[in-house]
Amino acid sequence: MTRIVIVSHSHPALRYGGGEVAAYRQFQHLLAQGQDVYFVGSTIGPEDGARFFGPGQRVLGFTDRDFCMRGMGMDSFSMEHPRLEDEDWTLDFLTALRGDVYHFHHFWNIGAGTIRRLRGLLPNARMICTLHELTAICANHGQMVKTSGELCHAASDVACTACLHRAPVDFALRRARMSEMLDLFDVLLSPSHFLAERFEDWGIPKGRIAVIENGLDHVGPPPAADGDTLVARSRRFAFFGQATPTKGLDVLVRAAMLIDRQAGDLPAPIALDVYGVTAEAFAAMWPQLKAPAWMRFRGRYRPQDCVSIMQGFGWIIIPSVWWENSPVVIQEARAAGTPMIASDIGGMAEKTAGWGIQFRVGDPDALAAAMLGVHDRPDILAEHSACIEKPLDLEGFDRDWRAACGLQLEPQAKA
């Protein structure tokens, strides 16, 4: 029986991000099919690991097939472990699982050296990599955002030198190492055409990357809404995300502040709920901004509740200021049948085309205008909701994944 090892740069039990969630959902789906599959995640670094691991402990076992390694920190420029013994341990753990297929969701925390050596030790194993962002191209956290805050449209040795203040030869060598590492994979996957095209512009041969959207595990049809429900929802907006600079929550608050100046002239009340962020966390990051009273910070929510929460709103706002690849919140909004107002770049523009409304990235005035344009307009809400296509479910992802990777897995009884 084919043994599959799903490897992620993080573990969703410790940190809930899009890449690790996509990896874990794939693992759970394969496990439910009765496949011989393991999951290996990692902590982000030594500080994160200290919270969950005892002295000398290197791995957490959630089950006999579900593990989290203690990440010891990586050099973000070379994508290598600074200490060879940490790379040795990671390599030993992965090879001990004796996988026939290793599917890496990202290579951060795993290391380029680990992947090179694993390929050498297991030449007959099938090695797959899903590219969840632009780390191989961009040494500034893989976000293609310059240290000045400007969006970066293309990497080059000179442009990267001006941004990160290293010699041009460093970037030439980094590009060669990253390209060599990606060549070791039998299959490269991307959840968006945008990301695949960025890598092709960077030098990956056209057609080498297969595009498969991440699978979602809750994609039942959204409930039908009557006229009164549409009216109520058309006055309600929501944000789902984190209080990080690139998520654009400050752009949203500035837009809300602009709308608040006109609140007395609005034809009906307006509400904006922020999920995933507390008022305290927001104030700590942007102390100079004061959200209006009708903007409420709801704090953490259970991921499995996300779709049902979204169904109570008319519009979900994704105001990120970097090149988001394939945010899970977009798929969740589609599953909820709730249209979006999104920044007009990257995977956000691609994934909301035809059913969402887009505004100029980083522009609070444009976002405020987009929100006011649909506020208390159930007709616009109904029109955009009707254009939403159901996102790819896990069965569909599994089918496309097997075809793209050339895998013929044995049918098994469900676990």
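It should be noted that the structure appears before, not after, this text.
Residues numbered from 1 in each chain as written. Predicted model: local features only at pLDDT ≥ 70, side-chain atom pairs only at ≥ 80, totals over all residues. Heavy atoms only, no water.

Asks: Which parts of the structure should I look at to understand the pattern of salt bridges?
Replies: Side-chain pairing between opposite charges can occur once the charged atoms of the two side chains come close. Here the structure, examined in full by the defined rule, presents 26 salt bridges. Asp 376 serves as the salt-bridge partner of Arg 235, at 2.7 Å between the closest nitrogen and oxygen. Separated by 141 residues along the polypeptide, Arg 235 in the loop between helix 8 (227-233) and strand 9 (236-240) and Asp 376 in the loop between helix 14 (364-374) and helix 15 (378-385) bring together distant segments of the chain. Arg 235 sits in the partly exposed class, given a relative accessible area of 27%. Close ionic contact of Asp 379 with Arg 377 constitutes a salt bridge, the shortest N to O distance being 2.7 Å. Each of Arg 58, Arg 83, Glu 85 and Asp 86 takes part in salt bridges that share partners, so that together they form one network. (Salt bridge = Lys/Arg side-chain N within 4 Å of Asp/Glu carboxyl O. Helix = DSSP H or I, 4+ residues; strand = E, 2+ residues; numbered from the N terminus. Buried < 20%, exposed > 50% of the residue type's maximum accessible area, 1.4 Å probe, protein only.)

Asks: So what exactly am I meant to see when it comes to the side chain of Asp 273 here?
Replies: Within the element layout of this structure, Asp 273 appears in strand 10 (residues 271-275). Polar contacts involving the side chain of Asp 273 include one to the side chain of Arg 298, which spans 3.0 Å. Setting aside residues up to four positions removed in sequence, Asp 273 forms contacts with Arg 236, Phe 237, Ala 238, Phe 239, Arg 296, Arg 298 and Phe 313. (Polar contact = N/O pair within 3.5 Å; in protein donor to acceptor, adjacent residues only side chain to side chain. Contact = heavy atoms within 4.5 Å.)

Asks: So what exactly am I meant to see when it comes to helix 16 (residues 394-405) here?
Replies: Think of an α-helix as turning once every 3.6 residues; residues three or four places apart then point the same way. Along its 12 residues, helix 16 runs 16 Å from first to last C-alpha, staying within 8% of the 16 Å computed at 1.5 Å per residue. Residues of helix 16 that are buried include every one of Leu 394, Gly 396, Phe 397, Asp 398, Trp 401, Arg 402 and Cys 405, and no others. Elements in contact with the buried residues of helix 16: strand 1 (3-8), helix 1 (18-32), strand 5 (101-105), strand 6 (126-130) and strand 7 (187-190). Where helix 16 ends, the next residue or the one after it, Gly 406, has phi of about 65°, a positive value. (Expected span 1.5 Å × (residues − 1).)

Asks: Would you explain the packing of helix 5 (residues 157-164) against helix 6 (residues 168-183) in this entry?
Replies: Geometry of a packed helix pair, given as the angle between the helix axes and the separation of the axes. Where helix 5 meets helix 6, the axes come as close as 8 Å, and the angle between the chain directions of the two elements is 120°. As for the relative orientation of helix 5 and helix 6, their crossing is right-handed in sense. For the pair helix 5 and helix 6, the contacting residues are Asp 157, Cys 160, Thr 161 and Leu 164 in the first and Pro 168, Phe 171 and Ala 172 in the second. Here the contact of helix 5 with helix 6 is built from residues that sort into five nonpolar, one polar and one charged. (Axes fitted to C-alpha atoms, helices over the stretch in contact; angles between N-to-C directions. Left-handed = near helix turned anticlockwise from the far one by under 90°. Nonpolar A, V, L, I, M, F, W, Y, C, P; charged D, E, K, R; others polar.)

Limitation: the analysis is restricted to geometry and does not speak to function.
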